[in-house]
Amino acid sequence: DTGVSQNPRHKITKRGQNVTFRCDPISEHNRLYWYRQTLGQGPEFLTYFQNEAQLEKSRLLSDRFSAERPKGSFSTLEIQRTEQGDSAMYLCASSSGRARDQPQHFGDGTRLSIL
Amino acid sequence: DQQVKQNSPSLSVQEGRISILNCDYTNSMFDYFLWYKKYPAEGPTFLISISSIKDKNEDGRFTVFLNKSAKHLSLHIVPSQPGDSAVYFCAASAGYSGAGSYQLTFGKGTKLSVIP
């Protein structure tokens, strides 16, 4: 069973640049989630997809952030005009919708550093 | 307003003894609770979960207890092993009933150190 895969693992960019991250969920998981984690904090929810539909968005997801899951498989998270405060670990998770008590399984994240 | 609280930032336990990690929540809509373990430079790894219809769930050395009236859950690790040293996160969602959100709300974590 292949786990959740995230690319790249690290991204360093200058303030004001756009960045895009990719997440490949566990096969056949129809639910996909994005979280952000900063130092000393637990992960914070950003957005959730069921298949290709984006069903929930956090208020943390400003208009500079956009996420897609075009075919209900992999997902991308784009941040436009990056700011210093965007520096964080971006985590993707997936879960099955077959039963109610299905845990979310996380990838190893993409660490974003804004210079 | 922190809806999930882990009030102990760190915990040290001797190898072979019991580790007890605690978590409190404030949102009455939460009905599904999970514990994750995290090593540096890795994503959180799922350990064990419990739904609000139960008060205890066991999986090998790990047991989670849920006290709904106190809005409190705990993770027991017996016996503790050096490989258990990691940061442990408590998380909660309102998705078990199907009527609430599936998003997880996390605590800030407890760093467990198991001393050989």
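Residues numbered from 1 in each chain as written. Chains lettered and ligands numbered in written order. Predicted model: local features only at pLDDT ≥ 70, side-chain atom pairs only at ≥ 80, totals over all residues. Heavy atoms only, no water.

Asks: Got a minute to help me understand the interface of chain A and chain B in this structure?
Replies: Think of interface size as the accessible area that goes away when the parts come together; that is how it is often given. Taken together, the contacts link 22 residues of chain A with 18 residues of chain B. Sorting the residues of chain A by area buried against chain B places A:Pro43, A:Arg100 and A:Phe106 first, and these three jointly supply 26% of that buried surface. Linking chain A to chain B there are 8 residue pairs in polar contact (both at pLDDT 80 or more). Elements with a contribution of two residues or more to the side of chain A that touches chain B: strand 4 (31-37), strand 5 (44-50) and strand 10 (105-106) of chain A. A per-element tally of the side of chain A that touches chain B places strand 4 of chain A first, with 4 residues. (Contact = heavy atoms within 4.5 Å. Buried area = accessible area lost by both parts, 1.4 Å probe. Polar contact = N/O pair within 3.5 Å; in protein donor to acceptor, adjacent residues only side chain to side chain. Helix = DSSP H or I, 4+ residues; strand = E, 2+ residues; numbered from the N terminus.)

Asks: Help me understand the side chain of A:Arg69, please; the structure alone is not making it clear to me.
Replies: All names here are of chain A. Here Arg69 is to be found in the loop between strand 7 (65-68) and strand 8 (75-79). It is Glu52 that comes nearest to the buried, bridge-free Arg69 among opposite-charge side chains, at 7.1 Å. Of note is the side chain of Arg69, whose polar atom sits 2.9 Å from the backbone oxygen of Gly72. (Buried < 20%, exposed > 50% of the residue type's maximum accessible area, 1.4 Å probe, protein only. Lys, Arg positive; Asp, Glu negative; His and termini not counted. Salt bridge = Lys/Arg side-chain N within 4 Å of Asp/Glu carboxyl O.)

Asks: I tried to follow the sheet that holds strand 7 of chain A on my own but got confused; where do I start?
Replies: In any sheet, the strands associate via hydrogen bonds between backbone groups, in a parallel or an antiparallel arrangement. All names here are of chain A. Spatially, the 4 strands line up as an open sheet ordered 1-3-8-7, and their pairing is antiparallel. The sheet terminates laterally at strand 1 (5-7) and strand 7, the two strands that pair on one side only. Taking each pair of neighbouring strands and ignoring which way they run, the sheet shows an average axis angle of 15°. In this sheet, strand 8 lies alongside strand 7 in antiparallel orientation, the contact comprising 4 bridges. Looking at the pairing, Ala67 lines up with Leu77 of strand 8. (Pairing = 2+ DSSP bridges. Axes fitted to C-alpha atoms, helices over the stretch in contact; angles between N-to-C directions.)

Asks: Looking at this structure, I do not really get the packing of aromatic side chains. What am I missing?
Replies: Aromatic rings considered in pairs are described by the distance between their centres and by the relative angle of their planes. Residues and elements named next belong to chain B. A complete count under the given rule lists 14 aromatic pairs over all chains for this structure. Centre to centre, the rings of Phe89 and Phe106 are 6.3 Å apart; their planes meet at 85°, and the pair counts as edge-to-face. You can see Phe89 sitting in strand 9 (residues 86-93) and its partner Phe106 sitting in strand 10 (residues 105-106), a full 17 residues away along the chain. On the accessibility criterion, Phe89 (3% relative accessible area) is buried. (Phe/Tyr/Trp six-rings, centres within 6.5 Å; stacked < 30°, edge-to-face > 60°.)

Asks: Please explain a nonpolar patch on the surface as it appears in this structure.
Replies: Taken together, the side chains of B:Ile18, B:Ile20 and B:Val78 present a nonpolar region at the surface, about 220 Å² in accessible area. Its location among the elements puts B:Val78 in the loop between strand 8 (72-77) and strand 9. (Patch = residues over 30% accessible without salt bridge, like charges linked within 9 Å, V, L, I, M, F, W, Y side chains within 5 Å. Areas by Shrake-Rupley, 256 points an atom, 1.4 Å probe, with all protein chains shown as cover.)

Asks: Help me understand unusual backbone geometry in this model?
Replies: Excluding glycine, most residues fall at negative phi; most peptide bonds, likewise, are trans. Put simply, A:Asn7 and A:Pro8 share a cis peptide bond, and its omega is -10°. Looking at the element boundaries, A:Pro8 is found in the loop between strand 1 and strand 2 (10-13). Following B:Val78, the chain continues to B:Pro79 via a peptide bond in cis, the omega torsion being -15°. Mapped onto the fold, B:Pro79 is located in the loop between strand 8 and strand 9. Of note in this structure, A:Arg81 is not a glycine but carries a positive phi near 50°. Here A:Arg81 is to be found in the loop between strand 8 and strand 9 (88-95). What makes A:Arg81 partly exposed here is its relative accessible area of 46%. Even without a glycine there, the phi angle at B:Lys71 is positive, about 55°. Considering the arrangement of structural elements, one finds B:Lys71 in the loop between strand 7 (62-67) and strand 8. The exposure class of B:Lys71 is partly exposed, given its relative accessible area of 24%.

Asks: Before we go on, may I ask you to explain the pairing of strand 8 of chain B in this structure?
Replies: Where a strand is regular, its side chains alternate between the two sheet faces. All names here are of chain B. Burial analysis of strand 8 places 5 of its 6 residues in the buried class, which makes it a mostly covered element. In this structure, strand 3 (residues 19-25) lies alongside strand 8, joined through 6 bridges in antiparallel fashion. Counted as the bridge partner of Asn22 is Ser74 from strand 8. As paired strands, strand 7 and strand 8 are joined by 6 bridges and run antiparallel to one another. Of the residues in strand 8, the one forming a bridge with Asn67 is His72. Linking strand 7 to strand 8, which pair antiparallel, is a turn of 4 residues; within it Lys71 sits at a positive phi near 55°.

Everything listed here is a matter of coordinates, which is why it stays silent on function.
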